[in-house]
Amino acid sequence: SSLMSGVAGHLVTISSQVENDFVDTLAAGNQIWINAADSGVEGQWRWAGGQEDGLLLWNGDQTGSAMNGFFTNWAAGQPSCGALSDAATMLAIGTWDDVGALSTYRYIIEWDGSAFSDDN
């Protein structure tokens with residue numbers, strides 16, 4: 001995680017189409033890491049930080065389904081759930097893909113705004 005004013009941030013968590021579109025705009029055509037992984041149990045995609053930490057968002061491979069009312073935006077045929085594809089990225093076109101955790105991509109850090117105080 002990253003610190004800003006002593007507050008820990010995390011890879012971006014995407015909870016709606018509006019947020020997905022916003023993050024896609026920020027990514028500016030780059031593939032980026034997002035905050036989901038299935039490294040604990042293959043095919044059980046969980047958020048890996050922030051307020052949603054540990055919550056199941058997707059169960060299964062490309063034939064699976066969203067869980068707990070979470071938004072997902074997997075690309076066609078994804079997640080493929082290969083044994084080495086335990087991390088999630090947003091592709092340059094805004095859909096999601098599962099990839100190896102040792103891959104190199106850009107990232108966007110998210111902070112919980114309620115954790116900051118107004119010192120005015």
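Residues numbered from 1 in each chain as written. Predicted model: local features only at pLDDT ≥ 70, side-chain atom pairs only at ≥ 80, totals over all residues. Heavy atoms only, no water.

Trainee: So, the overall build of the chain: which residues are in play, and what are the values?
Mentor: The number of helices and strands found in the chain is one helix and 11 strands. Listed N to C, the secondary structure of the chain is β-β-β-α-β-β-β-β-β-β-β-β in terms of helices and strands. Out of the 120 residues in the chain, the part that is buried amounts to 38%. Restricting the contact set of the chain to residue pairs at least 6 apart, pairs at least 24 apart contribute 49%. Total accessible area on the chain is roughly 6600 Å²; 52% of this is exposed by carbon and sulfur atoms. (Helix = DSSP H or I, 4+ residues; strand = E, 2+ residues; numbered from the N terminus. Buried < 20%, exposed > 50% of the residue type's maximum accessible area, 1.4 Å probe, protein only. Contact = heavy atoms within 4.5 Å. Areas by Shrake-Rupley, 256 points an atom, 1.4 Å probe, with all protein chains shown as cover.)

Trainee: Tell me about the nonpolar core, and name the residues and values.
Mentor: Side chains of nonpolar character tend, in soluble globular proteins, to be buried together. In terms of nonpolar packing, the biggest core is built from 19 residues, with Ile-14, Val-23, Ile-34, Trp-45, Leu-57, Met-90 and Trp-96 touching the most fellow members. Contributions of two or more residues to this core are made by helix 1 (17-27), strand 4 (32-37), strand 5 (44-47), strand 6 (56-59) and strand 8 (87-90). When residues of this core are assigned to their parent elements, the largest contribution, three residues, is made by strand 4. Not counting residues up to four positions away in its chain, the partners in contact with Leu-57 are Ala-36, Trp-45, Arg-46, Trp-47, Ser-65, Ala-66, Met-67, Phe-70, Thr-72 and Trp-96. (Core = buried A, V, L, I, M, F, W, Y, C linked by side-chain atoms within 4.5 Å.)

Trainee: Could you give an account of the layout of surface pockets, with specific residues and numbers?
Mentor: Roughly 170 Å³ of volume is contained in the largest pocket. Looking at the lining of the largest pocket residue by residue, the classes come out as four nonpolar, five polar and four charged. (1 Å grid on protein atoms, 1.4 Å probe; cavity = no way out; pocket = protein on both sides within 12 Å on 5 of 7 lines; lining within 4 Å. Points joined across faces, edges and corners; volume = space filled by probe spheres on them. Nonpolar A, V, L, I, M, F, W, Y, C, P; charged D, E, K, R; others polar.)

Trainee: Can you lay out the pairing of strand 8 for me, pointing to particular residues and giving the numbers?
Mentor: Residues Ala-87 and Thr-89 of strand 8 are buried on one face, and the alternating residues Ala-88 and Met-90, pointing to the opposite face, are buried as well. Pairing of strand 4 with strand 8, which is carried by three bridges, proceeds in the antiparallel orientation. Its bridge partner lying in strand 8, Trp-33 is registered against Thr-89. As paired strands, strand 8 and strand 9 (residues 96-99) are joined by four bridges and run antiparallel to one another. Across the sheet, the residue bridging to Thr-89 is Asp-97, located in strand 9. The turn joining strand 8 and strand 9, which pair antiparallel and follow one another in sequence, is formed by five residues; a positive phi near 95° is taken by Gly-94. (Pairing = 2+ DSSP bridges.)

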